[in-house]
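Spelled out from the first residue to the last, the chains are:
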Amino acid sequence: AGEVRFEDVHFAYTPARPILKGVSFTVPAGHTVAIVGPSGAGKSTISRLLFRFYEPQSGRILIDGQDMAGVAQASLRAALGMVPQDTVLFNDTIGYNIRYGRWDASEDEVREAARLAQIDGFIEALPEGYDTPVGERGLKLSGGEKQRVAIARTILKGPPILVLDEATSALDSFTEREIQDALERVSRGRTTLVIAHRLSTIVSADEIIVLDRGRIVERGTHEALLASD
Ligand code: ADP
Ligand code: ADP
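Residues numbered from 1 in each chain as written. Chains lettered and ligands numbered in written order. Predicted model: local features only at pLDDT ≥ 70, side-chain atom pairs only at ≥ 80, totals over all residues. Heavy atoms only, no water.

**Student:** Help me out: how do you make sense of the sheet that holds strand β4 (residues 58-63) in this one?
**Tutor:** One key point about sheets: their strands pair by backbone hydrogen bonds, in either a parallel or an antiparallel sense. Pairing within the open sheet is antiparallel, and its four strands lie in the order β2-β1-β4-β5. Single-partner strands in this sheet number two, and they are β2 (17-27) and β5 (66-67). Where strand β1 (residues 4-14) and β4 come together, five bridges link them in antiparallel fashion. Looking at the pairing, His10 lines up with Ser58 of β4. Sheet contacts for helix α1 (residues 43-50): β1, β2 and β4; angle to β1, the most-contacted strand, approximately 110°. (Pairing = 2+ DSSP bridges. Helix = DSSP H or I, 4+ residues; strand = E, 2+ residues; numbered from the N terminus. Contact = heavy atoms within 4.5 Å. Axes fitted to C-alpha atoms, helices over the stretch in contact; angles between N-to-C directions.)

Right, dumping it as structure tokens:
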């Protein structure tokens, strides 16, 4: 389960300025599709429409053949997981942050998710800014570490469909490599839509879609697109 399909989706935030101009693609269940393109092309808008923060003016968005317009928000949110590029942590331990939304998870499940996301050394740690007793200091997590907390949270939630905002460009190349490994682990076996900022950061996708000014201008495998560059 978990096929995602956009059918001729048109969308504008304001009537005068169309953002998506007839976007169609399918992410088969369990597959990974990456969307690349210049800033402002409409990549993040696609993920906002999938989460139904906005509704398309025309066209359809289907999950497993079912039009999302008729599906309750709650069941939509259960099916979808998001790893954002900038994670805001709650004012509590990293373990709590990983567990967020899965309050029934056991300690072992939390530890396993943390291990897969390579953040297991930090489970008891408190993020910087936490209201700690005098003399204690919270831990300042790097951008990459915060992203790993978000990855661990998503692993624990275990949704069939994932949206990864792959903003690894701000990270050094060692951290980038590690994050990509963790993202690859979490996306294995799930339907995954990767919002990528550079073709070079995509490690593995079954199909890459190039979006420019609201239109799909190219699509193909990683190898085919690199060859045509
Ligand atoms: P990308 O992710 O490819 O950089 P976005 O989907 O974020 O592009 O944005 C596409 C276009 O839509 C941009 O020109 C952006 O300025 C515009 N846009 C994004 N969000 C809004 C909004 N809430 N209201 C109006 N315009 C927006
Ligand atoms: P949703 O998944 O609908 O966005 P939440 O993730 O906010 O809802 O909450 C899911 C469940 O976790 C709810 O039963 C809620 O009462 C509980 N919950 C929410 N926030 C906390 C919290 N800070 N500590 C403990 N339980 C919480």
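**Student:** Looking at this structure, I do not really get the site of ligand 2. What am I missing?
**Tutor:** The environment of ligand 2 is made up of Arg77, Tyr96, Tyr100, Gly101 and Trp103. Between ligand 2 and Trp103, the relevant distance is 2.4 Å, taken from an oxygen atom to a side-chain nitrogen or oxygen of the residue. Here ligand 2 loses 34% of its free accessible area of 550 Å² to cover by the protein chains. In terms of residue class, the shell around ligand 2 is made up of three nonpolar, one polar and one charged. (Near = heavy atom within 4 Å. Polar contact = N/O pair within 3.5 Å; in protein donor to acceptor, adjacent residues only side chain to side chain. Areas by Shrake-Rupley, 256 points an atom, 1.4 Å probe, with all protein chains shown as cover. Nonpolar A, V, L, I, M, F, W, Y, C, P; charged D, E, K, R; others polar.)

**Student:** Would you explain the pairing of strand β10 (residues 215-220) in this entry?
**Tutor:** Where a strand is regular, its side chains alternate between the two sheet faces. Looking at chain direction, strand β9 (residues 207-212) and β10 are connected through five bridges and run antiparallel. The residue bridging Val210 from the neighbouring strand is Glu218, located in β10. Counting the residues that bridge the hairpin from β9 to β10 gives two residues, and of these Arg213 lies at a positive phi of roughly 45°.

**Student:** So what exactly am I meant to see when it comes to the site of ligand 1 here?
**Tutor:** Around ligand 1 there are 13 residues in total, and Arg17, Gly40, Lys43, Ser44 and Thr45 lie nearest to it. In the environment of ligand 1, an oxygen atom lies 2.9 Å from a nitrogen or oxygen atom belonging to the backbone of Lys43. The contact in question runs from an oxygen atom of ligand 1 to an N or O atom on the side chain of Thr45, over 2.5 Å. In isolation ligand 1 exposes 570 Å². Once the protein is present, 67% of that is buried. Contributing elements (two or more residues each) for the shell around ligand 1: β2 and α1. Per-element accounting of the shell around ligand 1 gives the leading share, four residues, to α1. Looking at the shell around ligand 1, its residues break down into five nonpolar, five polar and three charged.

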